[in-house]
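# Coordinate inspection notes
Here is what each chain is made of, one letter per residue.
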Amino acid sequence: QVQLVESGGGLVQAGGSLRLSCVASGKIFRVNKMGWYRQAPGKHRELVAAIFDAGSTTYADSVKGRFTISRDAAKNTVYVQMNSLKPEDTAVYYCTANIQLIGSVWPSDYWGQGTQVTVSS
């Protein structure tokens, strides 16, 4: 019914930048919150950044000042610009979105498959 497809991951040296994109498609009536989580080996999945339908944002303390989340509502797309990357940013990054489907009363959370980000020292 809904697909979230991430792109933009890869290998980068410490201090470098990457931009992740995530497009939501399907029988979408409304996209509410969109965001990014990450999961490093042996660690729990954690919130990186989120953007709400009114445009407000929230960030993990560890990425504040380095990452910027944005969205294109017309394209149901969310981005995260990641600058000054550190080896500890290495993880699988997952896109998530709270989406109300056509014909549904309540929204649900959906997840992408994840994209690997590796930062070498």
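Residues numbered from 1 in each chain as written. Predicted model: local features only at pLDDT ≥ 70, side-chain atom pairs only at ≥ 80, totals over all residues. Heavy atoms only, no water.

Once that is clear, we can look at the environment of S25. Here S25 lies in strand β3 (residues 18-26). For S25, a relative accessible area of 34% puts it in the partly exposed group. Between the alpha carbons of S25 and E46 there is a distance of 24 Å; along the sequence they are 21 residues apart. (Helix = DSSP H or I, 4+ residues; strand = E, 2+ residues; numbered from the N terminus. Buried < 20%, exposed > 50% of the residue type's maximum accessible area, 1.4 Å probe, protein only.)

Okay, the nonpolar core next. Membership of the largest hydrophobic core comes to 33 residues, with the highest contact counts inside it found for L4, W36, F67, V78, M82, Y93 and I99. Looking at this core, the elements with two or more residues in it are β1 (2-7), β3, β4 (28-39), β5 (46-51), β7 (67-72), β8 (77-82), β9 (91-101) and β11 (115-120). (Core = buried A, V, L, I, M, F, W, Y, C linked by side-chain atoms within 4.5 Å.)

Strand order across the open sheet formed by 4 strands is β1-β3-β8-β7, with antiparallel pairing between neighbours. For this open sheet the edge positions go to β1 and β7, each flanked by a neighbour on one side alone. The mean inter-strand angle of the sheet, taken between neighbouring strand axes irrespective of direction, is 15 degrees. Of the pairings in the sheet, the one linking β3 to β8 comprises 6 bridges and is antiparallel in character. Pairing of L20 across the sheet is with V80, part of β8. (Pairing = 2+ DSSP bridges. Axes fitted to C-alpha atoms, helices over the stretch in contact; angles between N-to-C directions.)

In this section: the side chain of R38. For R38, the location among the structural elements is in strand β4. Polar contacts involving the side chain of R38 include one to the side chain of S62, which spans 3.3 Å. A polar atom in the side chain of R38 sits 2.9 Å from the side chain of Y93. (Polar contact = N/O pair within 3.5 Å; in protein donor to acceptor, adjacent residues only side chain to side chain.)

Our next topic: the pattern of salt bridges. Tallied over the entire structure, the rule returns 4 salt bridges. Among the salt bridges present, the one from E46 reaches R38, with a minimum N-O distance of 2.7 Å. E46 sits in the partly exposed class, given a relative accessible area of 36%. Of the residues examined, R38 reaches a relative accessible area of 6% and is grouped as buried. (Salt bridge = Lys/Arg side-chain N within 4 Å of Asp/Glu carboxyl O.)

Okay, the state of the cysteines next. A full pass over the atoms with the stated rule returns 1 disulfide. A disulfide bridge connects C22 with C95, and the sulfur atoms are separated by 2.1 Å. Between C22 and C95, the S-S dihedral sits near -80 degrees, and the bridge is therefore left-handed. Separated by 73 residues along the polypeptide, C22 in strand β3 and C95 in strand β9 bring together distant segments of the chain. C95 shares its class with C22; the two are buried. (Disulfide = S-S within 2.5 Å.)

Distances and angles like these do not, on their own, reveal function.
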